[in-house]
Amino acid sequence: MNLIPIDDPQDPRVAAYLDIRERDLVGRQGRFVAEGKVVLDLLLSAGRFTAESALILENRLAGLEGVLRKAPADFPVYVAGGAVMDRIAGFHMHRGILAIGVRSSPQSAEALLETLPASALVVVLVGISNHDNIGSIFRNAAAFGADAVLLDSTCCDPLYRKAIRVSVGAALKVPVGSFGDASSLTATLDRLGFSQLALSPHGETDIRAAERTSRLALYLGTEGEGLPEALLERLRTVRIGMAEGFDSLNVAAASAIALHHFSKR
């Protein structure tokens, strides 16, 4: 391993790690931060993104040898003590494991859909603006074998540090496509033979009565407002049955129930 000791928080070699929370707000010019052992492992092994470097707390290094050996031999592994690492990050780094990944070029939803197999399950997200929810949905998508997640332009960034962490690295694994116009997407999905279901508390069909087709797109909307009315009118709607007088379920929890129902795993 290419271990590089760091004893100065202002060392230019670790500039990408400086003031993580503040940089979260303004972006990283084509890069993202991965945090934690499981996420680092996925970054190095999933193959979707290039890892640029890692910054490791010195007392965590021994437990990471197996993970770090998945990286190229010249991969920079910066090693720092607790005080130095905290000053670099701008807050206490109790996990002590960070890495910088390089974003790939954005892929359109249509281009991604063209690559999917004859049997496919995709998740379509509209207006999901909470990073905890987006991370949890990606985690559920990975757990239940979804082939892709499609995001509209109002969704938050799945490669935001917190979203990656909440997803336990699934945001680095599940293929992602973006779209701007929902009506164009529905037309593309129709053309490619996808059944399309919109999840709504007031859906016309209980989800337990909805059968999985070989190609299925499942739509999820933001909490509170839900999916746009025009989209609900265009698609078949399904609901998750709940106790009488209560119809509110966190969108991440709803995604887990729905994906479990439609999963073939």
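Structure's up top.
Not measured: the values here are computed from a predicted model. (Residues numbered from 1 in each chain as written. Predicted model: local features only at pLDDT ≥ 70, side-chain atom pairs only at ≥ 80, totals over all residues. Heavy atoms only, no water.)

Focus: the overall build of the protein chain
What counts, and what does not: Secondary structure elements are taken from DSSP: a helix is a run of H or I of four residues or more, a strand is a run of E of two residues or more, and numbering for both begins at the N terminus. A radius of gyration in this sense is built from C-alpha atoms; the matching globule rule multiplies 2.2 Å by the number of residues raised to 0.38. Partly exposed describes any residue whose relative accessible area lies between the buried limit of under 20% and the exposed limit of over 50%, with all areas from a 1.4 Å probe on protein chains only and scaled to the type maximum. Shrake-Rupley sampling with a 1.4 Å probe provides the accessible areas, and residues are treated as covered by the protein chains on show and by no other component. Two residue types count as positive, namely Lys and Arg, and two as negative, namely Asp and Glu; His and chain ends fall outside the count. Think of each charge as sitting on NZ of Lys, CZ of Arg, CG of Asp or CD of Glu.
Broken down by element type, the protein chain carries 10 helices and 12 strands. Against the 2.2 N^0.38 benchmark of 18 Å for 265 residues, the protein chain shows a C-alpha radius of gyration of 20 Å, consistent with a compact globule. Dimensions of the protein chain along its principal axes, counting C-alpha atoms only, are 60 × 40 × 30 Å. A buried classification covers 51% of the 265 residues belonging to the protein chain. Roughly 12,400 Å² of accessible area belongs to the protein chain as shown, and the carbon and sulfur atoms make up 50% of that amount. The average position of the 27 basic charges and that of the 30 acidic charges among the side chains of the protein chain differ by 6 Å.

Overview of the side chain of Thr188
The following threshold applies: Here a residue-residue contact requires only that any non-hydrogen atoms of the pair lie within 4.5 Å.
Within the secondary structure layout, Thr188 lies in helix α8 (residues 182-191). Residue classification places Thr188 among the buried positions, given a relative accessible area of 11%. Setting aside residues up to four positions removed in sequence, Thr188 forms contacts with Glu110 and Leu113.

Brief notes about the side chain of Ser167
Within the fold, Ser167 resides in the loop between α7 (161-166) and β8 (176-179). Leave out the neighbours within four places in its chain, and Ser167 touches Gly135, Phe138 and Arg139.

Overview of the pairing of β8
Along any regular strand, the residues point their side chains to alternate faces of the sheet. Test applied: Here, strands pair whenever DSSP counts at least two bridges between them. We call a crossover right-handed when, viewed with both strands directed away from the observer, the connection leading from the first strand over the helix to the second proceeds clockwise.
Here four bridges tie strand β7 (residues 148-152) to β8, and the two strands are oriented parallel to one another. Residue pairing for β8: Val149 is matched across the bridge by Val176. You can see the chain leave β7, run along α7 and come back into β8, and the turn it takes is right-handed.

Considering the environment of Ala143
Relative to the assigned elements, Ala143 resides in helix α6 (residues 131-143). Taking the C-alpha atoms as reference points, Ala143 and Ser263, separated by 120 residues in sequence, lie 9.5 Å from one another.

What to know about the sheet that holds strand β12 (residues 236-239)
Across a sheet, strands are paired by hydrogen bonds formed along the backbone, either parallel or antiparallel in direction. For clarity, the threshold we go by: Angles shown run from 0 to 180 degrees and are taken between the N-to-C directions of axes, each axis being a line fitted to C-alpha atoms and, for helices, limited to the stretch in contact.
Strand order in the open sheet formed by seven strands is β8-β7-β6-β11-β9-β12-β10, with parallel pairing between adjacent strands. Looking along the sheet, the strands with just one partner apiece sit at the ends: β8 and β10 (205-206). Most of the contacts of α6 go to β7, to which it runs at about 155 degrees, and overall it touches β6 (120-126), β7, β8 and β11 (215-221). Sheet strands in contact with α8 are β6, β7, β8, β9 (195-199) and β11, and its direction is about 160 degrees off that of β11.

Observations regarding the pairing of strand β3 (residues 50-57)
With six of eight residues buried, β3 lies mostly within the body of the structure. Judged from the six bridges that link them, β3 and strand β5 (residues 97-102) form a sheet pairing that is antiparallel. Looking at β5, one finds that Ser53 is bridged to Ile100. Sheet topology note: the β3/strand β4 (residues 76-80) ladder contains four bridges and is parallel. Looking across to β4, one finds that Leu57 is bridged to Ala80.

Some remarks on the sheet that holds strand β1 (residues 2-5)
Read across the sheet, five strands follow the order β1-β4-β3-β5-β2 without closing on themselves; strand pairing throughout is mixed. The strands lining the two open edges of the sheet, one partner per strand, are β1 and β2 (31-35). Ignoring which end each strand starts from, the neighbouring axes of this sheet average 25 degrees apart. Direction of pairing for β2 relative to β5: antiparallel, over a ladder of five bridges. Opposite Glu35, over in β5, you have Leu98 as the bridge partner. Sheet strands in contact with helix α4 (residues 82-89) are β3, β4 and β5, and its direction is about 135 degrees off that of β3.

Overview of the environment of Arg69
Its location among the elements puts Arg69 in the loop between α3 (65-68) and β4. A sequence separation of 46 residues divides Arg69 from Thr115, and the C-alpha atoms of the two residues are 31 Å apart.

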